[in-house]
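# Inside the fold
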Amino acid sequence: MARRRMRRALRGDLVSRLRAADLINGAMNLAALILMMFFPFVIALAAASPLGAGGAADIVIRRMGLNHDAAMAVERLFTPRGGTTVSGWSVLGVLWLVLGGVSLAASIQVVYERVFRLSPAGLRGLRNQVVWLTGLLVFLAGSTALGSVLTRTTVGQAGYALAVVVMTALFLWAGARVLTMGRLSWRAAWPVAFFTTIGLTGLGGFSRLTFSATIVSNESTYGPIGVVFTILSWLIGFGVVMIGGAVVGSWYVEAGVSVIDVLKRISTDSRPRHGQEHRQRHREP
C-alpha cells in the first residue's frame with residue numbers, strides 16, 4: 001500500500017508539473033520564435049558559408065528524416081530566386097542575425113530556469129547564450145556533414161542514426177549545464193538530456209513516417225506556404241519535447257527516482273510471492 005501511494009503521488013506530481021509548464025502554448029511560442037528568428041539566422045550563415053544556401057535546407061531535411069520528394073520540396077523553399085546568395089552584410093543585418101540566434105538560446109535558458117526554479121540570469125547569461133549557440137551551430141554542421149558521408153548505405157544510415165542520438169544527448173547535457181550557468185550540476189543535467197533525447201528520437205521517427213507525405217501533399221495543394229505549415233507543425237512538436245524533457249528531467253531529479261530501482265520493482269512485482277504461489281498450487285485441482 002505504501003508503494004502504491006508513493007507511485008500515485010509521483011505520477012500526480014509529474015502530471016501537475018506538465019500542466020503547470022503549459023506545454024502547448026510554450027511550444028507554439030518556441031516554434032514561432034525559431035521560424036521567425038532562428039531560421040533566417042541559419043539560412044544567412046549557410047548561404048555565406050562554403051556549403052552554400054542548401055546547407056540550411058539539409059539541416060531541416062535530416063532533422064525531419066524526409067524522403068527524396070519531400071526533401072526536394074524543402075530545398076525549393078530554401079533556394080533563393082535567381083540563385084542569389086548573401087554577398088555582404090550590413091551592420092543592422094549582422095545585429096538582427098545575432099539577435100535571432102541568441103533569442104533561441106535565451107528562450108531555452110528561460111525554460112530551464114523556470115523548471116528548476118532558478119533565478120533569472122538576465123544580461124549575465126548572455127555569454128552563456130553565445131557559447132550555447134556556438135555549440136548548437138557546431139552540432140548542426142557536424143551532424144549534417146556526417147550524414148552526407150554515412151547515409152549512402154543502409155549500414156551507414158544505422159550508424160548515422162546512432163551517432164546523432166549520442167551527439168544529441170551530449171550536446172543537451174552540456175547545454176543544460178551552460179545555460180544554467182553551472183547552477184545545475186552535471187548529475188542533475190543528465191536526466192534532462194536523457195529524456196529530451198528520447199523525445200527527439202521519437203519525434204524523428206514519427207516525422208520520418210508521416211511528415212514526408214504531408215509536405216508533398218501540402219506543397220501540391222497550397223504551394224510553398226504548405227511546406228512552411230508542415231515545418232511549423234514539426235517545430236511545435238520540437239518545442240513540446242524540449243519543454244517536456246526539461247520538466248520530466250527535473251521531476252526525476254527532485255523525486256529521487258532511479259531507473260534501476262524502478263526496473264527492480266517491476267521485476268519483483270511481476271514474480272509471484274512465495275505465499276501466493278503456495279496458495280495457488282493448493283487451490284489447483
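What counts, and where the lines are drawn
Residues numbered from 1 in each chain as written. Predicted model: local features only at pLDDT ≥ 70, side-chain atom pairs only at ≥ 80, totals over all residues. Heavy atoms only, no water. Buried < 20%, exposed > 50% of the residue type's maximum accessible area, 1.4 Å probe, protein only. Helix = DSSP H or I, 4+ residues; strand = E, 2+ residues; numbered from the N terminus. Arc of directions from axis to C-beta. Polar contact = N/O pair within 3.5 Å; in protein donor to acceptor, adjacent residues only side chain to side chain. Core = buried A, V, L, I, M, F, W, Y, C linked by side-chain atoms within 4.5 Å. Contact = heavy atoms within 4.5 Å. Phe/Tyr/Trp six-rings, centres within 6.5 Å; stacked < 30°, edge-to-face > 60°. Axes fitted to C-alpha atoms, helices over the stretch in contact; angles between N-to-C directions. Parallel < 35°, antiparallel > 145°, perpendicular 65-115°, else oblique. Left-handed = near helix turned anticlockwise from the far one by under 90°. Nonpolar A, V, L, I, M, F, W, Y, C, P; charged D, E, K, R; others polar.

Once that is clear, we can look at helix α4 (residues 68–78). Taken residue by residue, α4 has Ala 70, Ala 71, Ala 73, Val 74 and Phe 78 as its buried positions. Mapping the buried residues of α4 onto a view down its axis gives an arc of 160°, with all of them on the same face. One side-chain oxygen at the N-terminal end of α4 lies 3.4 Å from the backbone nitrogen of Asp 69; it belongs to Asn 67.

On to the nonpolar core, then. Core analysis: the biggest nonpolar cluster contains 54 residues, and Phe 38 and Val 74 have the highest contact counts within it. When residues of this core are assigned to their parent elements, the largest contribution, nine residues, is made by helix α9 (residues 224–255). Excluding residues that lie within four positions of it along the chain, Val 74 makes contacts with Ala 57, Val 60, Ile 61, Leu 66, Ile 215 and Val 227.

This part takes up the packing of aromatic side chains. The full count for this structure, using the stated rule, is nine aromatic pairs. Ring centres of Trp 173 and Trp 186 lie 5.4 Å apart, and the angle between their planes is 85°; on these two criteria the pair is classed as edge-to-face. Remark: Trp 186 occurs in helix α8 (residues 186–222) and Trp 173 occurs in helix α7 (residues 154–179); sequence separation between them is 13 residues. For Trp 173, a relative accessible area of 27% corresponds to the partly exposed category. Where Trp 173 meets Trp 190, the ring centres are 5.1 Å apart and the plane angle is 65°; that geometry is what we call edge-to-face. Remark: Trp 190 occurs in helix α8 and Trp 173 occurs in helix α7; sequence separation between them is 17 residues.

Summarising the element assignment, Ser 143 is placed in helix α6 (residues 126–150). At a separation of 2.8 Å, a polar atom in the side chain of Ser 143 contacts the main-chain carbonyl oxygen of Phe 139. In contact with Ser 143, other than residues within four places in its own chain, are Arg 63, Tyr 160 and Met 167.

The next subject is unusual backbone geometry. Of note in the backbone geometry, Arg 117 takes a positive phi value of approximately 55° without being a glycine. By the element assignment, Arg 117 lies in the loop between α5 (91–115) and α6. The class of Arg 117 is exposed, set by a relative accessible area of 61%. Positive phi outside glycine occurs at Met 181, with the angle close to 60°. Along the polypeptide, Met 181 turns up in the loop between α7 and α8.

Moving on, we come to the packing of α7 against α8. Contact geometry for α7 and α8: axes closest at 8 Å, N-to-C directions at 140°. Here α7 is positioned oblique relative to α8, judged by the angle of their axes. Note that α7 runs across α8; the crossing there is right-handed. Listed contacts from α8 to Val 165, Thr 168, Ala 169, Leu 172, Trp 173, Ala 174, Ala 176 and Arg 177 of α7 are Trp 186, Ala 189, Trp 190, Ala 193, Thr 196, Thr 197, Leu 200 and Thr 201. Taken together, the residues that form the contact of α7 with α8 break down as eleven nonpolar, four polar and one charged.

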